[in-house]
Every structure is written in structure tokens, then in C-alpha cells.
2 protein chains.
Amino acid sequence: MFEAKFQTFKDEANKARSAARLAALRAALKQQGLDGFVFSRADEHQNEYVPPSEERVAWLTGFTGSAAIVAVLPGKAALFTDGRYTLQAKEQIDGTLFSIEHMIEQPVTKWLADNLATGATLGYDPWRTTADGVERLEKAAKEAGARLVAVKDNPIDAIWTERPAPPLTPVVLHGLQYAGEDASKKIARIREVLAKEKIGVAVLSDPASVAWTFNIRGNDVAHTPLPLSWAIVPREGEPQLFVDGRKLSNEVRDALAKLADIREPRELEVELHEAARGKSVRLDQATAPAKLAGVVQAAGGSLSKGADPVTNLKAIKNEAEIAGMRAAHLRDGAALTRYLAWLDREAPGGTISEIEAVAALETFRRETGKLKEISFPTISGAGPNGAIVHYRVTEASNRKLRSGELFLVDSGAQYEDGTTDVTRTVAIGTPSQEMRERFTLVLKGHIAVARAVFPEGTNGAQLDPFARRALWEAGLDFDHGTGHGVGSYLSVHEGPARISKLGSAALLPGMILSNEPGYYKAGAYGIRIENLLLVEKREGGIEKQLLGFETLTFAPIDRRLVDAKRLTAEEIAWLDAYHAAVRAKIGPQLGADDRTWLEAAAAPLHA
Amino acid sequence: MFEAKFQTFKDEANKARSAARLAALRAALKQQGLDGFVFSRADEHQNEYVPPSEERVAWLTGFTGSAAIVAVLPGKAALFTDGRYTLQAKEQIDGTLFSIEHMIEQPVTKWLADNLATGATLGYDPWRTTADGVERLEKAAKEAGARLVAVKDNPIDAIWTERPAPPLTPVVLHGLQYAGEDASKKIARIREVLAKEKIGVAVLSDPASVAWTFNIRGNDVAHTPLPLSWAIVPREGEPQLFVDGRKLSNEVRDALAKLADIREPRELEVELHEAARGKSVRLDQATAPAKLAGVVQAAGGSLSKGADPVTNLKAIKNEAEIAGMRAAHLRDGAALTRYLAWLDREAPGGTISEIEAVAALETFRRETGKLKEISFPTISGAGPNGAIVHYRVTEASNRKLRSGELFLVDSGAQYEDGTTDVTRTVAIGTPSQEMRERFTLVLKGHIAVARAVFPEGTNGAQLDPFARRALWEAGLDFDHGTGHGVGSYLSVHEGPARISKLGSAALLPGMILSNEPGYYKAGAYGIRIENLLLVEKREGGIEKQLLGFETLTFAPIDRRLVDAKRLTAEEIAWLDAYHAAVRAKIGPQLGADDRTWLEAAAAPLHA
């Protein structure tokens, strides 16, 4: 009945073939005159989601986690991951071939410095390593008296005979009704930034920046509607767009040709060499390949370190994007509410599994007729699985939703008019008093952020403590940020602003951020309440321009988990007003049964 | 009747002599083969307060502000200061000799890069410039095609014929009843840090660190009881203490000789060269002279960048220091309360000036019989002068306290058992409703910090927003941090922790910090409410060890400025409990009249 098309639940570990592959890799390295090779899960764009053709770590080691670095030396090899994935790595890889290392406690640089032989030559892929990454590796190699060299071709690709072809999904134009601004105007605004910062040329290595600039979208990777592509935007002269021509229909090509010189990605190196000559060139410090930094230097250009100039521009949504996000959230809220009603009817029976819950939610969203993708793999965590912050259900971990437990579901959708990201935690059957108390503390943090009013110039680090204060007072906390930026039919994780200890970027009107405090009791349950927020101007500041948030997400927050005695009058008023808005905006989209359910689920606390 | 012994009110500008002095300096530079010289107000220790023998900026330019860099080139010269001092600089210096530059908007490095001639040689004093500072200057010189050279002797001293002798105040032992820990144990703890961080030798260039380590104090600079001195603490072997022997009595010398090899400061260079050979040497990045970094490198040692290892140790006060701080604050609170009562009787008559107010407060403190110094020049700001955050009253700016205005007084004392820092804002006569509203918003921020409860690991940046929230909601804010660390009969400004956007150090039990939110209406009035806080452990955290604050400062907060309608029940309870503690702790120390005054001034809000 329900089906998940955008998410799999398989454990794709194939460690049985790792021994042969590792031997083949070592032989290939030897042939290239290399004593070792270090690589990560990154593709050429440092994308969050990578195409199957880039899954070299999984191919070699069997490990499928998103945080992974692999170092292969003649006598030993290691996989570096973080605390989230240590257990998964143990199950997925062959421990006789690879040691598992914690990337924070035992960084790959330290491991290399300790294990590289004096005089050894260590290879890395300069297209899949950033300049900062190369600098760190170079330091490690130097410590060991070894030499770091960029490989011309990735040595894994030579032996990965069954490697999937890189994706070639069609590029589509993102209509002006969604984008809200002509690409030509966006290019002009990028050039204003270049002029202001005295930069001659910007290289867009993040496909999300290319997509925003040229008002295009694609389907080359899961969950983010990106076309794998590059662009060069000079302060003067024609921009260049590097995209595989096979992805362009005649219509799309004609539209793009009015904006840019269209080139094949393999031409990027030569064209950048030309464009960079004697110029100051901005490469995005976080994502640009070291290869391109080398091209700029070889061309006699100077590197301008800093962020992709598009990052700040695309973070501020225009009126069309905001209208689209609002519409997407009303549609998504109705699908989520139908799902929550279904869950409330079915789950207490004990027959629904985490995987079925994922499939059901995706199905309700697909029934809107507008779903393009889910914006990330749904986190569907029942009972103790809810306490695993980055939990992703597999057939092995799958668990039934049981009465007396909490169920945490964090999910999102990609619609052409907007991207959503929402978390609800619901009680299956009757929750314990402890669950209600801690849910209420999380809710107080959520409300404190939602109600925050602050002057222009305030950054996310300054708001983050408001999400924690109630938890802190009880001696509790959560070990992740409170919120991240969200793209507009682009990546669900977008810079530069975030609400976290590290959120140094100022919040500006038009930015969209998540508000998702939580609490996790290991082995027992997890709680998270997440809505998306739009930063907006507020009247009434005596001396400063005030900002505040408009909540974009509408779906009921489980009243059975709210201990109203622990809320202030202002907090109760916020929740009641929020639920009134949910009833008004979502109710009319529902059938009679679901509407009746919603009226009760979103009733005022003291009704 | 009242006298200020520790603070002057003169404008010591002597710009009339600047032209001749500048000409003499240029001639001296030419003789040394230099085309320019750049220097700041810093002494060899980057002390906050410097002895008169180090006031080279004032001697040359007439400028007496604390933030100052001077660059002298053949054709032009400039004084760099910050926004606080721009007006003062205009009055104090001869604008035909020095241009006044804003050190943030027009950094000295940019000015030098623009104004140094190609091939020019620029001198700097390597004893009074940090290694980081030299790096910045070198970059600027390189940009201009110029050369940066360290001078052997400061060229100003050669022409400053009437230069005062460096201070030679006696070093005194800081008794164990105040210090709470033997110097030998402190040295052992420093060595543990060195072992843990794999450092061979630590150089203590901050006299506050030397004073803490060896349990000594001095009087070489104003306001901070420092003996100008240095120390070398090797991980193994005898520490060396570099202090002018003329400052040591036989008794003090005998005590110190048990702990360290005592040397003259002029021997530091040679001894460090010996100690650094082949060792990892920690120089405090913020304060150590570039000269010493050069000595370490010349000796074949390696530089370990980071903080002075004493910084973190001395920030955590032991039981004796905490008991001393509590006692000092009770004594100081009584003096301050007597002063506030006097002010309340006298000021509405309109006869008291800001200077008299300073003198009176110092006198009340001196009458405790225990006052060693004031911990910084008292900020005594009536009406619009209160809105100048770093205001320092002079005979020219002096103003009477007038009815209908606010008076802000920020002051502190140095007692052998502790250092205080307290700000009170009082209404002279009847305040306006606006004053009361804004005072109440500041008070809400003060109470939010005082009441904060937070888990171990929380830093000051995470608490800073609590001080601002109520102001933010009204569109108001203040443009300084909420709090700084405070030493124990040492500097009133002490690292590493602070409550500010930049406060990245975790707050730990035993640390003492100020809590001083404010609000400043330019041209009208200033408000600040400051108490000192002790970080302490709190019971009851469910999962985390909780921390909170004990307020150390006891003096009434002006109830006439509190708009109780704008306080929550919890806030009123805090203020009433605070005032009850003030009455209980301070009342018994007062005469009958002052006690009667206090009973009313510190009465409950709804009495």
C-alpha cells in the first residue's frame, strides 16, 4: 500500500569483495609509483549527496556512512569516521583489512604522520580534495618525511570495472514564478559583489550556486535537485557554464546560451587557466577542489580566499521564493497531518514498523501530486532508535512502533516551489510523566526561538542559548545545533547562517532556518520539535531595526506530550495560536475524518 | 574634605612640545639609518597600565588615551586610536604634525603599506611588540617594498632626556592566608600543564602570572599590584625569576630564593637562550615580546604558540582566595553603601561634581583602613557623560550632578584579600519614566545572568544573550561585553573567560566574572548595573553537572529606577532576596543614619 521510492533500507555492505579490491588498488598504486593513497567520500563538488559513481569508499570498504576518509598504505589501511558511525563501520567493513579510526580523536593527518614511511610517496585526488585539505595532508607527509603528490587519474576508477556511469539527468529551467529573479539580474548582482570585494573572477564549484545563478535544476544526486556543473563568472565579460551537453535539451540550451558560454566540464581547467591570468580569483574555500587552486596559480592569478559569492545572495529569499516556500509548507503540512492522523489510528496496535512509517509518509507526500523528491532520508526512530540523532532505518535495525514509546520522525520534501524539513515526536499510546516533562522542556526551547525578537546584526550563536535554557536548568542539553539554513528547491542544508554555537553569520530578513531543539535519552527515546522559520523585519524597535521569525511549518505538536503546568502564560498562548493557525491553514485541505482528528489534536491546551 | 589619591583629573596634553620632539625623533632615526618608526602605548609586558617611563606616545604626541599606535615617517606621521578616543585625540595632539586615524577603519598596516617608500627601512621595538604584531607589520612593509627592522634601543629613549626612571617599588610577599596555595605547589601545577602539553619551558611575560606563581605583589604600575618581572619555568630544573634586585628586601629575597634562581631582567635574554636550546618553549601569544620569540629561535628552540599556562590556573580561585574575595566585597559594599547614602543626601542639592564624587568614593573606601589602590580609574558620569562607556572625568569635562539626571559610577578597589569592581546607576532627584523603563530592562538582563543555571562546558558567549534579551525586545542593546574575568588582588581584567560574544572559554567553578549589562542614550544618560559573580557548582542536574553564580557584590540597586510592573515574579523575588542580603550583610557595618537609609533603599519592592 505504501511505498518509499526515494529511500532504501538495505545494508549495502559488500565487505566480502574488499580483500581483492584492496589488493588490486595496492597493485595499481605501485604501478603509478605510489606508496599510498588517501581519499574521502567527497566528489568534485564536496556535495552532501553523491552519485553512485562517486561511492569509492563503499566500493572499496563496504562502509556506507556519510563521514568517511580512507588511507591505504602498503602494510596497513584505515577507515576514519566519527562517533555516529563507529558501530555501523564495525558491521560493514572487514576489520582484518581496515582499522576503524575516530576522525576527531585520531585524525587521518596524525595517522599518516605516524605510519607513512620516510621517503614514501602518498597520492591524493586533487579534484576531490579541497586546498585546505591538501595543506593538512602536506603537513602530515612532511612530518613523516614523505611526499604528497596529486594523482592525474583516480587510481580506484582504473580498477573499478563495474563503476556506474556518472549521472546524466536533464537540466530543467527553474521558472521565474519560483525563482523570482532573472538569471541575468542575479549575474549582475554577483558582479557587484566581485567589484565590491575587488575580485576579478569567481569560480562556482558548488552546483547549488550554479543552479541558483542560472535558474536551473537537475536530478544528478539524491534529495537535492542539482545539476552537476561548474561556472566561471568574471567581473567583466561573458560567464561560462560547464555542464555535460547531453543533459541539455535544445530549449534549455537556447535559454542558457543567452546568459553564458556553454562548455563541457572537461574544458574547465583550460578555460579557468585563461580566465585567471593576472586576476584575483575567488574559489569557495569550503568546497573548491585543490586542482582549481593549482590552475589559478599556474596561470599567474592570485587566490582570493573566502566564500562563494553566491552563498550570501541565495540565502536571502525573494518574494517569489518566500511565497513558494509558504505554499510548499501548506501542502506539506497537510500531507504530514494526514500521516500523523493515520499514525495515531494505526500505531498503537503495534503493527507499524519504522520502514512502513517512512513509506507511508512518502506516500502521503506523493499524493499531493507535487512531490519531486524527499529532501533527505527520513529519520524514523521508534523508542531507543529515536535517541540516535542521525538514525537511518535499515532492514536490520527496523523496529515496530510500540505503545508506551515515543516515535520521532524527521523528514522533508522537495517541491518545485520550496523545500521542507520538519520533525515531530509523537506518543504511541500513553507516554510516561518523564517523557512529558522532557518534551515540555524541548518545547519551551522551541518556543523561545520562535518568539525571539532581536536587533539587526544578531547572529545564530546568540540565539542558540534560548533553545537550551529550559533544558539547562534541569541539567539536560542536546548535542547538535538548533538550526540550519534551508535552500529554496535546493539543498535542505544551506549556509551561511545557522543557529548554533558556531553560527557567526548575521541573520538577515529573507533567510530561512530550521528551529529544532531536542533531547535524547540513550537507549530509551528521542525528542525533537522542528519547524522552519523565515527571518522578517519587526516594527517597534526604539533604536534598532528589529527582526523576528515567521513560522512556516504547520502541523500539530503532540499535546499529549505537553505538561501545561510547566509552560508560562506566554508559552501557552504561543502554542494555542500556533495550533489555531494549523487548524485554519491545514484543516480545509483535509477529508472529514482527518479534519476531525486535527480539531482535537490542535485544540487549545485549556479548551 | 574628600581626596582622590589614586586618580588624577588633569588633561596632560603638552602638544606644544610635539614639533620639536618629532623633529628630534626624525633626526635620531636618520642617524640609526631608519626611515621610520612605529610604536604603541605598550610596555614590555603589554600591561593594561604602564609606568610613566613607558608613556612614549603621550611624550611625543600629547595623547593620553589607552589605545594608541604611532607611525612616524620622513614626510608624515599618524596617530591611530579607536572610536572612544577620536575626540580626545583631536584636542590633545597637534593636527599639523600627526593625522588622526581610526585603527579599525584605517589600520596602521594599511597606512604603512600605502605610505612607506619602496626600499625604506621601518624600525620597531621588539621588546614592545608581540610576535603577531611583527608579522602584521612585516606583511605591510613587504607590500610597500620596504624593510622592517628591530631596533636595538628604543630611539625615543635616546632623546627623551627627562624620561622618568622605571619604577622600583618593593616586592612584597602575598601571604598564604590570601594566596591559599604555596608557590612551590603552584610551580608543580604549572609543570603538570607543561608535561601534558609537551612543552619544555614556559616563559611568563605577564607580571600578573609571575605574581600569582611566586605569591608576590608590587606597586610598579597604577591600579594593578604588579611587580614588573619575568620568569622562566622549565618542566624540569629550577625556575628563574627576573626582577630588579633593588626591589627585594633581604626577607623577600630569602623567600624567593627557595623557589627560583633570582636574576636581573637584563639577564633574561641570555638565560632564555640557554633554557630554550632544543626545547619546545611556550611564549604567551597575546603578551610576549617578539624579541623573546627571536631568542628562542636563535637558540634552536621551537615556539609553542598558545596561552601562558598560568592564565587558566589563576582564573580558578581557591578557597582562601574566594573567602578573601567575599570579605573584600563585604568591606567594599559597606564603603559603597555609605557613599550612596551620602550621595543621596547631597547630590539633589546640585553642588556635587563628578570629581568630588570620585574623591568621596575613594575616601569612603580609604576609611576602611584596608584600601591598597583603586582597581581602575573611577568612571563618574553624570547625565550625558554617563553615556560615554569609557568616560574618565577631567577638570575640563567635570560636571555637576543635577536633579532629574542619572549618575553612573563604575569603580573598584584593591584590597590584599581581593579585588572589586561594581557599577551603580542612581537617580538624582526624580527620574523620567523612560529612564525607569530602560533601567528596568537592564536590570532584567542583569538578573537573567545572575540567575543563569547551565551545564559544565558552557562558555560566556552562550550566556551573553541572556543579558540582552529584554533590551533586544525593545529594540535596544549595549555595545560592550556583559562581563570580564577578575583577578584576586591582581588585575581587574583577567582572562581567559568572559561573558561576551567572543567568550569562547568554558566557565569553571571558582572563576570570578563581572555581570554588567548597560544601556546608553547618547547625549542624555547611561545605565549600567554591575556585580561580580563566582561560578559555583549546583546540585540537581539530571544528566549534567550544573553550574550557577554566587553574587559577591552587595550594595543597593536604586529602587526608584525599577518599574516593578515590568518585572516577572521571579525577577522581583531575586531583587528582594538580593536586597535582603544587602541589608543583612552591609547594615551591621553602618552607623545608625546610613543603616536607616539602607533599610529604605534596600526594602522589598512591594513592602
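Rules of the game
- Residues numbered from 1 in each chain as written.
- Chains lettered and ligands numbered in written order.
- Predicted model: local features only at pLDDT ≥ 70, side-chain atom pairs only at ≥ 80, totals over all residues.
- Heavy atoms only, no water.
- Buried < 20%, exposed > 50% of the residue type's maximum accessible area, 1.4 Å probe, protein only.
- Helix = DSSP H or I, 4+ residues; strand = E, 2+ residues; numbered from the N terminus.
- Pairing = 2+ DSSP bridges.
- Axes fitted to C-alpha atoms, helices over the stretch in contact; angles between N-to-C directions.
- Contact = heavy atoms within 4.5 Å.
- Buried area = accessible area lost by both parts, 1.4 Å probe.
- Salt bridge = Lys/Arg side-chain N within 4 Å of Asp/Glu carboxyl O.
- Least-squares fit on C-alpha atoms with pLDDT ≥ 70 in both.
- Polar contact = N/O pair within 3.5 Å; in protein donor to acceptor, adjacent residues only side chain to side chain.
- pLDDT = per-residue confidence, 0-100.
- Phe/Tyr/Trp six-rings, centres within 6.5 Å; stacked < 30°, edge-to-face > 60°.
- Lys NZ or Arg CZ within 6 Å of the ring centre and 35° of its normal.
- Parallel < 35°, antiparallel > 145°, perpendicular 65-115°, else oblique.

So, on to the pairing of strand β16 (residues 379-382) of chain B. Two faces belong to every sheet, and in a regular strand the side chains alternate between them. Residues and elements named next belong to chain B. Here β16 shows no split at all, with Ile379 and Gly381 on one side and Ser380 and Ala382 on the other all buried. Relative to strand β17 (residues 406-411), β16 runs antiparallel, the two sharing four bridges. From the neighbouring strand, Gly381 faces β17, where its bridge partner is Leu408.

Residues and elements named next belong to chain A. With antiparallel pairing, three strands are arranged side by side in an open sheet as β16-β17-β20. Edge positions in the open sheet fall to β16 (379-382) and β20 (422-427), since each of these has one partner strand only. Across this sheet, the average inter-strand angle for adjacent strands is 10°, counted without regard to direction. For strand β17 (residues 406-411) and β20, the ladder comprises six bridges, and the chain directions are antiparallel. Across the sheet, the residue bridging to Ser411 is Val422, located in β20. Strands in contact with helix α15 (residues 354-366) are β16, β17 and β20; relative to β16, the strand with the most contacts, it is inclined by about 140°.

A separate point is helix α4 (residues 108-115) of chain B. Val108, Trp111, Leu112 and Ala113 of chain B are the residues of α4 of chain B that are buried. Buried positions along α4 of chain B lie against β1 (36-40), β2 (69-72), β3 (77-81), β4 (99-102), β5 (121-124) and α5 (131-144) of chain B.

Let us now look at the pairing of strand β8 (residues 201-204) of chain A. Residue and element names in this part refer to chain A. Burial along β8 is two-sided: Val201 and Val203 facing one way and Ala202 and Leu204 facing the other are all buried. Of the pairings in the sheet, the one linking β8 to strand β10 (residues 230-234) comprises four bridges and is antiparallel in character. Its bridge partner lying in β10, Val201 is registered against Pro234. Sheet topology note: the β8/strand β13 (residues 280-284) ladder contains three bridges and is parallel. Bridge pairing in β13 places Ala202 opposite Arg282.

All names here are of chain A. Structurally, the position occupied by Ala68 is in the loop between α2 (56-61) and β2 (69-72). Accessibility expressed as a relative area gives 5% for Ala68, which makes it buried. A sequence separation of 33 residues divides Ala68 from Glu101, and the C-alpha atoms of the two residues are 9.9 Å apart. With residues near it in sequence (within four places) discarded, Ala68 still touches Ser40, Arg41, Val57, Phe63, Leu79, Phe80 and Met103.

All right, on to the interface of chain A and chain B then. In many reports, interface size means the accessible area that the parts give up when they come together. Contact residues are listed per partner, giving 28 residues for chain A and 28 residues for chain B. Across the chain A to chain B interface the summed buried area is about 2,500 Å²; carbon plus sulfur atoms make up 59%. Inspection of the chain A/chain B interface yields two salt bridges. Across the salt bridge formed by Arg438 of chain A and Glu543 of chain B, the nearest N and O atoms sit 3.9 Å from each other.

Quick look at the relation of the copies chain A and chain B now. Mapping chain A onto chain B is achieved by rotating through 180° and translating by 0.0 Å along the same axis, at an RMSD of 0.0 Å. Given the turn and translation reported, the copies of this chain are related as if by a two-fold rotation axis. A symmetric contact is evident, with 100% of the interface residues of chain A recurring at the interface of chain B.

What follows is about the pattern of salt bridges. All names here are of chain A. Summed over the entire model, instances satisfying the criterion amount to 95 salt bridges over all chains. A salt bridge links Lys305 to Asp132; the nearest nitrogen and oxygen atoms lie 3.6 Å apart. With Lys305 in strand β14 (residues 302-306) and Asp132 in helix α5 (residues 131-144), this residue pair connects regions lying 173 residues apart in the sequence. On the basis of relative accessibility, which here comes to 53%, the residue Lys305 falls in the exposed class. Looking at Asp132, the relative accessible area reads 23%, which means it is partly exposed. Between Glu271 and Arg263 there is a salt bridge whose closest N-O contact spans 3.0 Å.

Residue and element names in this part refer to chain A. With respect to the helices, strands and loops of the structure, Asp332 is situated in helix α14 (residues 319-346). Within the local environment of Asp332, its side chain forms a polar contact with the side chain of Tyr415, the two groups lying 2.6 Å apart. Contact partners of Asp332, with chain neighbours within four places excluded, come to Arg365, Ala413, Tyr415, Thr420 and Val422.

Quick look at the sheet that holds β2 of chain B now. Residue and element names in this part refer to chain B. Strands sit in the order β4-β3-β2-β1-β5-β6 across an open sheet of six strands; the sheet is mixed. Each edge of the sheet is formed by a strand with only one pairing partner; in this case those strands are β4 and β6 (147-150). Between one strand axis and the next, the sheet turns through 25° on average, direction left out of account. Pairing analysis gives four bridges linking β5 to β6, with the strands arranged parallel. Along β6, the bridge assignment pairs Leu122 with Leu148. Packing of α5 onto the sheet brings it into contact with β1, β5 and β6, and relative to β6 it is tilted by some 145°.

So, on to the confidence of the model for chain A. Averaged over chain A, the pLDDT score is 96; the fraction of residues at 70 or greater is 100%. Both confidence scores are given for the complex: pTM 0.94, ipTM 0.91.

On to the packing of aromatic side chains, then. Remark: the centre distance and the inter-plane angle together describe each pair of aromatic rings, the angle taken between the planes. Summed over the entire model, instances satisfying the criterion amount to 31 aromatic pairs over all chains. Their ring planes at 45° and their centres at 5.7 Å tell us that Phe2 of chain B and Phe364 of chain B sit as a pair that is tilted. Of this pair, Phe2 of chain B sits in the segment before α1 (18-31) while Phe364 of chain B sits in helix α15 (residues 354-366), placing them 362 residues apart in sequence. Accessibility expressed as a relative area gives 24% for Phe2 of chain B, which makes it partly exposed. Judged by its relative accessible area of 8%, Phe364 of chain B falls in the buried class. Joined through ring pairs, the aromatic side chains of Phe2, Tyr339, Trp342 and Phe364 of chain A make up one cluster. Of note, Lys186 of chain A hangs over the ring of Trp212 of chain A, and the distance from its end group to the ring centre comes to 4.3 Å. In this structure, Arg331 of chain B is placed above the aromatic ring of Tyr415 of chain B, and the distance from its NZ or CZ to the ring centre is 4.9 Å.

To continue, consider the side chain of Thr420 of chain A. Tracing the sequence through the fold places Thr420 of chain A in the loop between β19 (418-419) and β20. Judged by its relative accessible area of 1%, Thr420 of chain A is buried.

Next up on the list: the environment of Ala144 of chain B. All names here are of chain B. Position of Ala144 relative to the elements: it lies in helix α5. Since its relative accessible area comes to 10%, Ala144 is described here as buried. Ala144 sits 151 residues away from Val295 along the chain, and the two C-alpha atoms are 27 Å apart. Non-local contacts of Ala144, meaning those with residues more than four positions away in its chain, are made with Leu112, Ala113, Leu116, Ala117 and Thr118.

It is worth spelling out the packing of helix α14 (residues 319-346) of chain B against helix α19 (residues 592-601) of chain B at this point. All names here are of chain B. Between α14 and α19, the shortest axis-to-axis distance is 10 Å and the interhelical angle comes to 85°. By the angle between their axes, α14 is roughly perpendicular relative to α19. Contact with α14, carried on its side by Thr337, Arg338, Leu340, Ala341, Asp344 and Arg345, involves Asp594, Trp597 and Leu598 of α19 and no other residues of that element.

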